[in-house]
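Summary of structural features
This is what each chain is made of:
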Amino acid sequence: MASQRQLVWITGGSAGIGRELALRMANRNMRCAVTARSRDKLEALARSNALIAAFPGDVTDRDAMSSAVDQIESSLGAIDVAVLNAGIWTEMGAHDYDAVACEQTMRVNYIGVVNSIDALLPRMIQRGRGHIVIVASVAGYCGLPRLVAYGPTKAALINHAEALMAELDGSGVIVSVVNPGFIDTAMTRDNDFPMPFIISVEEAAGKIVRGIERRHFEIAFPWLFALMLKALRRATYPLYFWIVRTFIKTEPEPK
Ligand SMILES: NC(=O)c1ccc[n+]([C@@H]2O[C@H](COP(=O)([O-])OP(=O)(O)OC[C@H]3O[C@@H](n4cnc5c(N)ncnc54)[C@H](OP(=O)(O)O)[C@@H]3O)[C@@H](O)[C@H]2O)c1
């Protein structure tokens, strides 16, 4: 049965940022449909809050995303907000370069978002309303050491969001891009490099929910870290590479 509550679809809802967003949005009386591969985790989350419902699926599977959207909308009503957050972290540089890892990271982080939008956007355009929220990263602003596989997936998402937003002008459908710095989740827990300005998942989810409610195009935080990386992007290349060499850990020596 359709309900009057806002309906939010969150991919990558079984853990980390997506799980915290679902809990926070449900506490604000929104209905949440969560998608990820781990059915058991999604079902446990759904049992913890009556406003959360599990719709398991792999974002790299286009048919699975199409059928997830079908199932969500036929059982809960029209999706108002889609937070396309599912993603993986792959640490890689020049000395451990791996095309398979690059392809897999792009398939999940970029094509996963594309598959989700493909399933939902025509419906939103037809209804003349909807909000697509793409979770990218400040890692997409510029090329950085160890981010040879991950960074381009997030750069592609930022570019994708900008292009879609321009296209959708006046359609009633809006797009946001979320560019977080480091957040303390399973994704970052094993990193052995410094993670400046790292924040808790609760703080991150709070900032994302506020940004969505205010319908901002870019939701970037922590603001100082985001600003520093945006400024780095605008530096001339000699300055850019000097800063990267001087302040950011570079490649480990080849074994
Ligand atoms: N943590 C950070 O510092 C940080 C910073 C900037 C941006 N981000 C971005 O924020 C998003 C969430 O990250 P997180 O830190 O919350 O990571 P996380 O704790 O590792 O959670 C990742 C989520 O994505 C899901 N997922 C992974 N592959 C999937 C697939 N093929 N199909 C469907 N779901 C899939 C996982 O669920 P299953 O394993 O159950 O499928 C899980 O729910 C990612 O896009 C990440 O790149 C994170």
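Placed above this text is the structure.
An account of the accompanying structure is given in this report. (Residues numbered from 1 in each chain as written. Predicted model: local features only at pLDDT ≥ 70, side-chain atom pairs only at ≥ 80, totals over all residues. Heavy atoms only, no water.)

Moving on, we come to the sheet that holds strand β3 (residues 52–54). Read across the open sheet, the seven strands follow the order β3-β2-β1-β4-β5-β6-β9; overall the sheet is parallel. Of all the strands in the sheet, just β3 and β9 (218–221) have a single pairing partner and so form its edges. Going across the sheet, the axis of each strand differs from the next one's by a mean of 15 degrees, ignoring polarity. Bridge analysis of strand β1 (residues 7–11) against strand β2 (residues 31–35) gives five bridges, and the strand direction is parallel. Paired with V8 across the strands is C32, a residue of β2. The sheet contacts of helix α2 (residues 39–48) involve β2 and β3, and relative to β3 the element is tilted by about 155 degrees. (Pairing = 2+ DSSP bridges. Helix = DSSP H or I, 4+ residues; strand = E, 2+ residues; numbered from the N terminus. Axes fitted to C-alpha atoms, helices over the stretch in contact; angles between N-to-C directions. Contact = heavy atoms within 4.5 Å.)

Looking at the ligand, there are 29 residues lining it, with R37, S38, Y150, I183 and T185 nearest. With respect to the ligand, the side chain of S14 contributes an N or O atom lying 2.8 Å from an oxygen atom. Contacts to the ligand include Y150, whose side-chain N or O atom sits 2.6 Å from an oxygen atom. For the ligand, the protein covers 92% of the area, taking 890 Å² as the surface of the free molecule. Mapped onto the shell around the ligand, the elements with two or more residues apiece are α1 (16–27), α5 (150–167) and α6 (186–189). (Near = heavy atom within 4 Å. Polar contact = N/O pair within 3.5 Å; in protein donor to acceptor, adjacent residues only side chain to side chain. Areas by Shrake-Rupley, 256 points an atom, 1.4 Å probe, with all protein chains shown as cover.)

Close contact between helix α3 (residues 62–76) and helix α4 (residues 99–127) brings their axes to 7 Å; oriented N to C, the two are set at 40 degrees. In terms of their interaxial angle, α3 and α4 are classed as oblique. Crossing geometry of α3 relative to α4 is assigned as right-handed. Of the residues in α4, those touching α3 at R62, M65, S66, V69, D70 and E73 are N115, S116, D118, A119, L120, R123 and R127. Classifying every residue of the contact of α3 with α4 gives four nonpolar, three polar and six charged. (Parallel < 35°, antiparallel > 145°, perpendicular 65-115°, else oblique. Left-handed = near helix turned anticlockwise from the far one by under 90°. Nonpolar A, V, L, I, M, F, W, Y, C, P; charged D, E, K, R; others polar.)

Once that is clear, we can look at the pairing of strand β6 (residues 173–180). Most of β6 is tucked away, with eight of its eight residues classed as buried. Burial along β6 is two-sided: the face carrying V173, V175, V177 and N179 and the face carrying I174, S176, V178 and P180 are both buried. The pairing of strand β5 (residues 130–135) with β6 spans six bridges and is parallel. Each residue of the ladder has a partner; that of G130, found in β6, is V173. Considered for its hand, the β-α-β crossover made up of β5, α5 and β6 is right-handed. In this sheet, β9 lies alongside β6 in parallel orientation, the contact comprising four bridges. Its bridge partner being in β9, N179 is matched across the sheet by A220. (Buried < 20%, exposed > 50% of the residue type's maximum accessible area, 1.4 Å probe, protein only. Right-handed = clockwise from strand over helix to strand, strands pointing away.)

Moving on, we come to the environment of I88. Considering the arrangement of structural elements, one finds I88 in the loop between β4 (81–84) and α4. Judged by relative accessible area, I88 falls into the partly exposed class, the value being 24%. Residues I88 and R123 lie 35 residues apart in sequence; the distance between their C-alpha atoms is 28 Å. When neighbours within four sequence positions are excluded, I88 is seen to be in contact with Q104, T105, V108, N109, Y150 and M187.

Bringing the packing of α1 against helix α7 (residues 201–213) into the picture now. Packed helix pairs are characterised by how far apart their axes lie and by the angle those axes make with each other. Packing of α1 against α7 brings their axes to within 9 Å, and their N-to-C directions diverge by 60 degrees. Classified by the angle between their axes, α1 and α7 sit oblique to one another. The two elements α1 and α7 cross, and the hand of that crossing is right-handed. Contacts between α1 and α7 involve G16, I17, E20, L21, R24 and M25 from the first element and V201, E202, A205, G206, I208, V209 and I212 from the second. For the contact of α1 with α7, the residue count by class is eight nonpolar, two polar and three charged.

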